[in-house]
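Here is what each chain is made of, one letter per residue.
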Amino acid sequence: MTKKLIDEVRAAGGELAAPESAKRAVDAVLNSISKLTDAGERVTIRGFGTFQKKRRAARVGRNPKTREEFAVPARDQLTFRDNR
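This one's a predicted model, so the numbers in the text were calculated from it and none came from an experiment. (Residues numbered from 1 in each chain as written. Predicted model: local features only at pLDDT ≥ 70, side-chain atom pairs only at ≥ 80, totals over all residues. Heavy atoms only, no water.)

(A) Summary view of the pairing of strand β4 (residues 69–72). When strand β3 (residues 59–62) meets β4, the two strands line up antiparallel, connected through 4 bridges. Bridge pairing links Gly-61 to Phe-70 in β4. Taking the residues that link successive antiparallel strands as the turn, the β3-β4 hairpin has 6 residues, and the phi of Arg-67 there is positive, at about 65 degrees. (Pairing = 2+ DSSP bridges. Helix = DSSP H or I, 4+ residues; strand = E, 2+ residues; numbered from the N terminus.)

What follows is the structure, given as structure tokens:
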């Protein structure tokens, strides 16, 4: 998906857009979203959506083949909500 996104950014930049600059632009946006959500911020892009980290509680999982139960630890999960 990132390759297609880079190609779209490059196409939007016209003939003068270099693949390297398009890749840097996409990487900068994705890295910024990652850093902000890691710090507990909510990132909203108007007309697109909102990225946010949420805490998933610990739970008991089950192996479907053996039916053996095991503990699944709590963890943070990046979520996206469409704002359209």
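(B) Up close: the sheet that holds strand β2 (residues 49–56). Spatial ordering of the open sheet is given by β1-β2-β5, a layout of 3 strands whose pairing is antiparallel. Across the chains shown, the open sheet's two edge strands, defined by having one partner strand only, are β1 (43–45) and β5 (75–82). Strand-to-strand twist of the sheet, defined as the mean angle between neighbouring strand axes without regard to direction, takes the value 25 degrees. Pairing geometry for β1 and β2, over 3 bridges, is antiparallel. Among the inter-strand pairings, Val-43 is bridged to a residue of β2, identified as Phe-51. Of the strands in this sheet, β1, β2 and β5 are in contact with helix α2 (residues 19–38), which crosses β2 at around 40 degrees. (Axes fitted to C-alpha atoms, helices over the stretch in contact; angles between N-to-C directions. Contact = heavy atoms within 4.5 Å.)

(C) Highlighting the environment of Gln-77. Of note, Gln-77 is situated in strand β5. The exposure class assigned to Gln-77 is partly exposed, which follows from its relative accessible area of 29%. Separated by 40 residues in sequence, Gln-77 and Thr-37 place their C-alpha atoms 10.0 Å apart. In this structure, Gln-77 is in contact with Gln-52, Lys-53, Lys-54 and Arg-56, ignoring residues within four places of it in sequence. (Buried < 20%, exposed > 50% of the residue type's maximum accessible area, 1.4 Å probe, protein only.)

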